[in-house]
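A structural walkthrough
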Amino acid sequence: MPTLGTTPKYSFIIPIYNEEESIAELYRRLTDVLEVLDGPSEIILVNDGSRDSSLEMMRQLHHRDRRIVYLSLARNFGHQIAVTAGLNFARGEAVIILDADLQDPPELVYSMIAEWQNGYQVVYAQRIQRHQESWFKRLMAYVFYRVLDRLANVRIPKDTGDFCLMDRVIVDLLNRMPERSRYIRGLRAWLGFKQTAVRFERPPRFAGEVKYTFKKSLALAINSLVAFSVLPLRLFNLSGFVCREYGDCHGFFSAVLADCQTRFAADWASDDHDCHLFLGRVQLVSIGILGEYIGRIYEEVKGRPLYTLSEVGGLENVAPQVQRRNAYSQIT
Ligand code: UDP
Ligand code: MG
């Protein structure tokens, strides 16, 4: 039975939400990769509140292969939080994050490790092509990454996901960032250090349905914009300025035309009505944008833990105080 040395060199973090159809193949492909790595590895499977047999499969894998650690979140907290939980527990010198559906090919890890050994602290995978994803999803992703690139106050590489290798230094720093609106690829870029890309063609899902629903993807996109840019707030100033200038001009011409009973004056009055509707819309949108920021401040000040764990397997080799510190690091 493969066992884990006390200090793994590599940690693999895999968030899992209803992936029972992919787990066996993922395990097969990943363990083939582990066999040829130059040090011991651990695989941290994070169950993000799956409702299928994923958790049971993780337990079985753990009993078969002691390199497997599993964490079970007490409900579905979302992909970014599941990855965060994995990062809190990972012990490797290099930590690799990958999806369970094999869209992040485990074999790419060889190139990532080579770059890490060349001295890069972050090696992220950059998609040059996405296979079998709907045109809508590809279009949304294309637009989103370019808008984010314009707005964000830090350069977040385009067409990258969370699939990456991070050095221990980066993981320790990420673990000290307490924010709950987490956009890991943004936080990773924010940290700086030496970062590079390995490019790959993203294959289709091995099996099952996409777990990132449109709603979840939209929430992640809004989170990333709000977390990495205050430009939307600055737009208030701009719209205020434009409206004031327009109002001044409009007021002047209204006064001039008030005396003239011309058809032009009637058109001007209806234009006035449209103008009020437009202003109302600008104000509502502005309040909405402001609400996004205030809502996040509210979430942060509540100070709740990022996640709760209902079950952990495979941390027997870790000193109890370390286990406890990790498990509660987000609570205290
Ligand atoms: N996932 C998760 N929690 C969620 C949604 C997704 O842990 O609430 C996991 C999922 O099991 C997969 C990864 O996140 O391992 C990426 O999900 P998906 O393949 O649906 O996203 P996409 O590849 O379409 O971006
Ligand atoms: Mg996927």
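Check the entry above for the structure.
Since this is a predicted model, take the numbers as computed values, not measurements. (Residues numbered from 1 in each chain as written. Chains lettered and ligands numbered in written order. Predicted model: local features only at pLDDT ≥ 70, side-chain atom pairs only at ≥ 80, totals over all residues. Heavy atoms only, no water.)

**A closer look at the pattern of salt bridges**
Using the criterion set out here, one finds 22 salt bridges in the structure. For the salt bridge of Asp162 with Arg185, the shortest nitrogen-to-oxygen distance reads 3.2 Å. In this pair, Asp162 sits in strand E6 (residues 160–167) while Arg185 sits in helix H7 (residues 184–191), placing the two residues 23 residues apart along the sequence. Side by side, Asp162 and Arg185 carry an identical accessibility label, which is buried. Overlapping salt bridges bring together Glu19, Asp101, Arg205 and Lys211 as one network. (Salt bridge = Lys/Arg side-chain N within 4 Å of Asp/Glu carboxyl O. Helix = DSSP H or I, 4+ residues; strand = E, 2+ residues; numbered from the N terminus. Buried < 20%, exposed > 50% of the residue type's maximum accessible area, 1.4 Å probe, protein only.)

**A short note on the site of ligand 1**
Lining the immediate environment of ligand 1, one finds 19 residues, of which Glu19, Asp48, Asp101, Lys137 and Lys211 sit closest. At 2.9 Å, a backbone N or O of Ala100 approaches an oxygen atom of ligand 1. In the environment of ligand 1, an oxygen atom lies 2.7 Å from a nitrogen or oxygen atom belonging to the side chain of Asp101. Expressed as a share of its isolated accessible area of 530 Å², the protein-covered part of ligand 1 is 95%. (Near = heavy atom within 4 Å. Polar contact = N/O pair within 3.5 Å; in protein donor to acceptor, adjacent residues only side chain to side chain. Areas by Shrake-Rupley, 256 points an atom, 1.4 Å probe, with all protein chains shown as cover.)

**So, the packing of aromatic side chains**
In total, this model carries 6 aromatic pairs according to the counting rule given. Taking the centre distance of 6.1 Å and the plane angle of 85° together, the rings of Trp135 and Phe136 count as edge-to-face. Look at Trp135 and you get exposed, because its relative accessible area is 62%. Note on Phe136: relative accessible area 35%, which makes it partly exposed. Taken together through their ring pairs, the aromatic side chains of Trp135, Phe136 and Phe214 make up a single cluster. Over the face of the ring belonging to Tyr142 we find Arg146, whose NZ or CZ atom lies 3.8 Å from the ring centre. (Phe/Tyr/Trp six-rings, centres within 6.5 Å; stacked < 30°, edge-to-face > 60°. Lys NZ or Arg CZ within 6 Å of the ring centre and 35° of its normal.)

Nothing here speaks to function; it is all geometry.
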